[in-house]
Amino acid sequence: MVNTKVILIGVGGATCSGKTTLAKHLRKILPNSVIIHQDDFAPPQELIPIHPVHNVKDWDSPEGAIDWRRFRQFLENVKQDGRIPSGHLSHDPLNAQKEFPIDAECFAKWRSYFEEVERHAREDHGTEISWALVDGFLLYWDQESMDQLDISIFLRVQQDTLSERRRERDYYIADGSVWRDPPLYWEQIVWPGYVSAHKDMFENGDVESGRPTGDKMREMLVLENEKMSTTDVVDRCCKEIAAFRLFPQQGDPYSEA
């Protein structure tokens, strides 16, 4: 009998930090993998809280931007068999995204490597490996959600870059309608929400340049990815995933990586 082992890989960071681009590259590299988009777990528009000062819908407050109970339960379900439930519909395909290709050599190297990892797991341990990439802008705010992740990656990008990217985008939301930021939404809602959700992860609450700190950051890979090529980001993340110990008696996980 073949068992299934599902590895949840968190890919977190601010809006427009490159999370989804990275997750999609990793999905192509990792055999038998799926992506879970945290955005799909936003409450319906009518349940999004109104900011008490600015009187607009607050899609970025960590407390109200995600239906946390539903999100946690979804992660638990995927952890069982590595499959996205058939009734789940993601709005991510509706969002236009720029292409950031990686070097063919990098893709081929890591695709071959993880195919070999899967073969070892199946032949030596009787286990099918599945990978679930969890892409989220509030991924590391909720401890119960974090506790389900096996590998954690965080992309850190400077505010000016994020703001510029955000101005170029519209978003499809859970009900299929399009959201476009009203004036000053970045300055009053988006950036303060990001800082509030992540200030405990960095020294002095400095989300742009503070050193990672605290228990939740101890085993998290933090990448300053705007200073790196997409190929280098993917390569570094693949090294992090390759270092994960799939089985307790494994020793150094496939050290030839």
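Caption draft 1: A look at the side chain of Ser163. One can find Ser163 in helix H5 (residues 159-167). Here Arg167 takes part through its side chain, which lies 3.0 Å from a polar atom of the side chain of Ser163.

Caption draft 2: Local environment of the environment of Leu139. Positionally, Leu139 belongs in the loop between strand E3 (127-136) and helix H4 (143-146). With a relative accessible area of 1%, Leu139 lands in the buried category. It is 5.6 Å that separates the C-alpha atoms of Leu139 and Gly12, two residues lying 127 residues apart in sequence. For Leu139, the contacting residues outside a window of four places in its chain are Gly10, Val11, Gly12, Gln38, Phe71, Val134, Met146 and Leu149.

Caption draft 3: Structural context of the environment of Gly210. Summarising the element assignment, Gly210 is placed in the loop between helix H6 (185-198) and strand E7 (220-223). Residues Gly210 and Ser196, 14 residues apart in the sequence, show an inter-C-alpha distance of 14 Å. With sequence-adjacent residues up to four places away left out, Gly210 is seen in contact with Arg156, Phe202 and Glu203.

Caption draft 4: Just empty space enclosed by the protein, in detail. Tallied over the full model, the rule gives two cavities of 30 Å³ or more. In terms of lining residues, the largest cavity is bounded by Ala14, Thr15, Asp60, Phe137, Leu138, Val190, Gly193 and Tyr194.

Caption draft 5: Quick peek at the sheet that holds E7. Read across the open sheet, the five strands follow the order E2-E3-E1-E4-E7; overall the sheet is parallel. Every other strand in the sheet has two partners, leaving strand E2 (33-37) and E7 as the edge strands with one partner each. When the angles between neighbouring strand axes are averaged without regard to direction, this sheet yields 20 degrees. Two strands pair when backbone bridges link them, and E2 and E3 are joined in this way by five bridges, in the parallel orientation. Paired with Ser33 across the strands is Trp131, a residue of E3. Relative to the sheet, helix H1 (residues 19-29) contacts strand E1 (3-13), E2, E3 and strand E4 (151-155), its axis offset from that of E3 by approximately 165 degrees. Contacting E1, E3, E4 and E7, helix H7 (residues 230-242) crosses the sheet at an angle of about 170 degrees to E7.

Caption draft 6: Highlighting the pairing of E1. For E1, the tally of buried residues reaches eight of 11 residues, placing the bulk of the element in the interior. One ladder, built from five bridges, connects E1 with E4; its direction is parallel. Note that in E4 the partner of Val11 across the bridge is Ile153.

Caption draft 7: Spotlight on the packing of H1 against H7. Following both chains from N to C, one finds H1 and H7 inclined at 60 degrees, their axes separated by 10 Å at the closest point. Here H7 runs oblique to H1, going by the angle between their axes. At the point where H1 passes H7, the crossing takes the right-handed sense. Across the interface between the two elements, Leu22, His25, Leu26 and Ile29 from H1 touch Thr230, Val233, Val234, Cys237, Cys238 and Ile241 from H7.

Cut-offs applied
- Every chain's residues receive numbers from 1 upward, in the order its sequence appears when written.
- Predicted model: local features are reported for residues with pLDDT of at least 70 only, side-chain atom pairs are reported and counted for 80 or more only, and whole-chain, interface and lining totals are derived from all residues.
- Excluded from the side-chain calculations are hydrogens and water; all other atoms, namely the structure's heavy atoms, are used.
- The way it works is that DSSP assigns letters per residue, a run of H or I at least four long becomes a helix, a run of E at least two long becomes a strand, and they are numbered from the N terminus.
- Each polar contact in these results corresponds to two N or O atoms within 3.5 Å; when the atoms are within protein, one needs to be able to donate a hydrogen and the other to accept it, and residues that are neighboring in sequence are counted only if both atoms are side-chain atoms.
- Each residue's exposure class comes from its accessible area (1.4 Å probe, protein chains only) as a fraction of the maximum for that residue type: buried when under 20%, exposed when over 50%, partly exposed otherwise.
- Pairs of residues are marked as contacts when any of their non-hydrogen atoms sit within 4.5 Å.
- Of the two site types, the cavity is a set of points on a 1 Å grid over the protein atoms alone where a 1.4 Å probe fits but cannot get out, and the pocket is an open set with protein on both sides within 12 Å along at least five of seven lines, each lined by residues with an atom within 4 Å of a point.
- Grid points are joined across faces, edges and corners, and a volume is the space filled by probe spheres set on the points.
- In this description, strands pair whenever DSSP reports at least two bridges between them.
- Axes, fitted as lines to C-alpha atoms, cover a helix only where it is in contact. Angles between the N-to-C directions of the axes lie from 0 to 180 degrees.
- The labels follow the angle: roughly parallel below 35 degrees, roughly antiparallel above 145, roughly perpendicular from 65 to 115, and oblique for the rest.
- Crossing chirality is assigned from the near helix's rotation relative to the far helix, an anticlockwise turn below a right angle marking it left-handed and a clockwise turn marking it right-handed.

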